[in-house]
Amino acid sequence: MPITPSAVSLQGRVAIVTGGGAGIGRGIAAGLAAFGATVAIWERDATSAAAVATETGGLALVTDVRDSAQVDAALARTVEQLGPPQILVNNAGGTFSSPLLETSENGWDALYRANLGSVLLCTQRVARVMVEAADGGSIINITSIEGVRAAPGYAAYAAAKAGVINYTRTAALELAEHGIRVNGLAPDFTVTEGLAAMTGPQRLRDAERMVPMGRGGHVDEMAGAAVFLASDLSGYVTGQTIHVDGGTHAAGGWYRHPESGQYVLGPG
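Below: a short report on this structure. Values in this document were obtained by computation on a predicted structure and should not be read as measured data. (Residues numbered from 1 in each chain as written. Predicted model: local features only at pLDDT ≥ 70, side-chain atom pairs only at ≥ 80, totals over all residues. Heavy atoms only, no water.)

**Quick notes on the overall build of the protein chain**
In step 1: In terms of regular secondary structure, the protein chain is built from nine helices and nine strands.
In step 2: Each principal axis of the C-alpha distribution contributes one length, and for the protein chain these read about 55 × 50 × 35 Å.
In step 3: Buried residues in the protein chain amount to 46% of all 268 residues.
In step 4: Relative to all contacts within the protein chain whose residues are 6 or more apart in sequence, the contacts with residues 24 or more apart total 67%.
In step 5: In the structure as shown, the protein chain presents an accessible area of about 13,000 Å², 56% of it carried by carbon and sulfur atoms.
In step 6: The centroid of the 17 positive side-chain charges in the protein chain is displaced by 3 Å from the centroid of its 24 negative side-chain charges. (Helix = DSSP H or I, 4+ residues; strand = E, 2+ residues; numbered from the N terminus. Buried < 20%, exposed > 50% of the residue type's maximum accessible area, 1.4 Å probe, protein only. Contact = heavy atoms within 4.5 Å. Areas by Shrake-Rupley, 256 points an atom, 1.4 Å probe, with all protein chains shown as cover. Lys, Arg positive; Asp, Glu negative; His and termini not counted. Charge placed at Lys NZ, Arg CZ, Asp CG, Glu CD.)

Shown next as structure tokens:
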């Protein structure tokens, strides 16, 4: 059947975005709402959650997605106030420097719980509701380019993000019979509040040289990919991770030399 513009509409669908109060999550929440979805913002920070809910006409629920009791409570309120969700975006996560020889067990555990454990937990709980509703659904896991390349100083974070990618594949197979699709989005250099706080202006400029498209990504570009995966336009896409990174994954370490403009591999 030929596609029509209506295939991208999310009208009448309920979406959950974890960590939707800032950065990529905020951009995705706005994008889903722009295409008709009603969005529940699951976010630890009450102020930012309320602000995004106001902007998108959605529902703010203060939630720590690492805590099963809080996830269960947020899901119950989402279903009660908005209806069963058809879309879940597992965006919540975070990182800090974790050198291999120095990181404590508590540090590893914190990175696992934030970046992989929360994805397992929210996917399981929301998928159960989707299966019961028998209306299919789309689950979108935000991972990172660090899940497919080495990340010195961030080994535990990279391992967790790699876990998200493989979990996405496996969950896609287990949930396919229920009409639930599971896919991932892997950003690299996306300009967010968090990135700006972690890096100075010079480092931002240096990083942009590593992006084949010559600039950092915008949260709205992540939102566009999320809308695609949430909508019927991607109705036959599952188990995939799309790299929304301006070409850095494809480059594999190649970048344009700042003087010659020619592609070089490694230091130039």
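**Examining the sheet that holds strand E1 (residues 14-18)**
In step 1: Pairing is parallel across the open sheet formed by seven strands, whose spatial order is E3-E2-E1-E4-E5-E6-E7. Strands with a single pairing partner mark the edges of an open sheet, and in this sheet they are strand E3 (59-62) and strand E7 (241-244). Taken over all neighbouring pairs, the strand axes of this sheet differ in orientation by 20° on average, direction set aside.
In step 2: Both strand E5 (residues 137-142) and strand E6 (residues 180-187) contribute to a ladder of six bridges, which runs parallel. Along E6, the bridge assignment pairs Gly 137 with Ile 180. (Pairing = 2+ DSSP bridges. Axes fitted to C-alpha atoms, helices over the stretch in contact; angles between N-to-C directions.)

**Some thoughts on the packing of helix H3 (residues 68-81) against helix H4 (residues 105-133)**
In step 1: Running from amino to carboxyl end, H3 crosses H4 at an angle of 35°, the nearest separation of the two axes being 10 Å. The element H3 and its partner H4 pack so that their crossing is right-handed. Contacts between H3 and H4 pair Ser 68, Val 71, Asp 72, Leu 75 and Val 79 from the former with Leu 121, Cys 122, Arg 125, Val 126 and Val 129 from the latter.
In step 2: Here the contact of H3 with H4 is built from residues that sort into seven nonpolar, one polar and two charged. (Left-handed = near helix turned anticlockwise from the far one by under 90°. Nonpolar A, V, L, I, M, F, W, Y, C, P; charged D, E, K, R; others polar.)

**Some remarks on the nonpolar core**
In step 1: Grouped together as the largest cluster of nonpolar side chains are 26 residues, with contacts concentrated most on Ile 28, Leu 32, Val 39, Val 89, Ile 140 and Leu 185.
In step 2: Every element with two or more residues in this core is listed here: E1, helix H1 (23-34), strand E2 (38-43), helix H2 (46-56), strand E4 (87-90), E5 and helix H8 (219-230).
In step 3: Considering each element in turn, this core owes the most residues, eight residues, to H8.
In step 4: Discounting chain neighbours no more than four positions away, the residues touching Leu 185 are Ile 140, Asn 141, Ile 142, Thr 143, Met 222, Ala 225, Ala 226, Leu 229, Thr 241, Ile 242 and Val 244. (Core = buried A, V, L, I, M, F, W, Y, C linked by side-chain atoms within 4.5 Å.)

**Quick word on the environment of Pro 2**
In step 1: Within the secondary structure, Pro 2 is located in the segment before E1.
In step 2: What makes Pro 2 exposed here is its relative accessible area of 70%.
In step 3: Separated by 96 residues in sequence, Pro 2 and Ser 98 place their C-alpha atoms 50 Å apart.

**Here's the deal with the pattern of salt bridges**
In step 1: Applying the stated criterion across every chain, the model contains seven salt bridges.
In step 2: A salt bridge links Asp 64 to Arg 66, with the shortest nitrogen-to-oxygen separation between them at 2.9 Å.
In step 3: Judged by relative accessible area, which is 17%, Asp 64 ranks as buried.
In step 4: Assessed through its relative accessible area of 29%, Arg 66 is described here as partly exposed.
In step 5: Among the salt bridges present, the one from Arg 125 reaches Asp 72, with a minimum N-O distance of 2.7 Å. Residue Arg 125 is found in helix H4, and its partner Asp 72 is found in helix H3; the two are separated by 53 residues along the sequence.
In step 6: Connected via shared salt-bridge partners are Glu 146, Arg 149 and Asp 188. (Salt bridge = Lys/Arg side-chain N within 4 Å of Asp/Glu carboxyl O.)

**Side note on the pairing of E1**
In step 1: In terms of residue burial, E1 counts as a mostly covered element, since five of its five residues are buried.
In step 2: Residues Val 14, Ile 16 and Thr 18 line one face of E1 and the alternating positions Ala 15 and Val 17 line the opposite face, and both faces are buried.
In step 3: Bridge analysis of E1 against E2 gives five bridges, and the strand direction is parallel. From the neighbouring strand, Ala 15 faces E2, where its bridge partner is Val 39.
In step 4: Viewed along the sheet, the connection from E1 through H1 into E2 turns out right-handed.
In step 5: Across three bridges, E1 lies against E4 in parallel orientation. (Right-handed = clockwise from strand over helix to strand, strands pointing away.)

**Some remarks on helix H5 (residues 155-175)**
In step 1: The terminal C-alpha atoms of H5, which comprises 21 residues, lie 30 Å apart, in line with the 30 Å expected from a rise of 1.5 Å per residue.
In step 2: Residues Ala 156, Tyr 157, Ala 158, Ala 160, Lys 161, Val 164, Ile 165, Thr 168, Ala 171, Ala 172 and Leu 175 constitute the buried set of H5. (Expected span 1.5 Å × (residues − 1).)

**Quick look at the side chain of Thr 248**
In step 1: If you trace the backbone, Thr 248 turns up in helix H9 (residues 248-251).
In step 2: Here the side chain of Thr 248 touches Asp 245 through a polar contact of 3.3 Å, side chain to side chain.
In step 3: With residues up to four places along the chain from it excluded, the contact list for Thr 248 reads Ile 145, Asp 188, Met 210, Val 211 and Pro 212. (Polar contact = N/O pair within 3.5 Å; in protein donor to acceptor, adjacent residues only side chain to side chain.)

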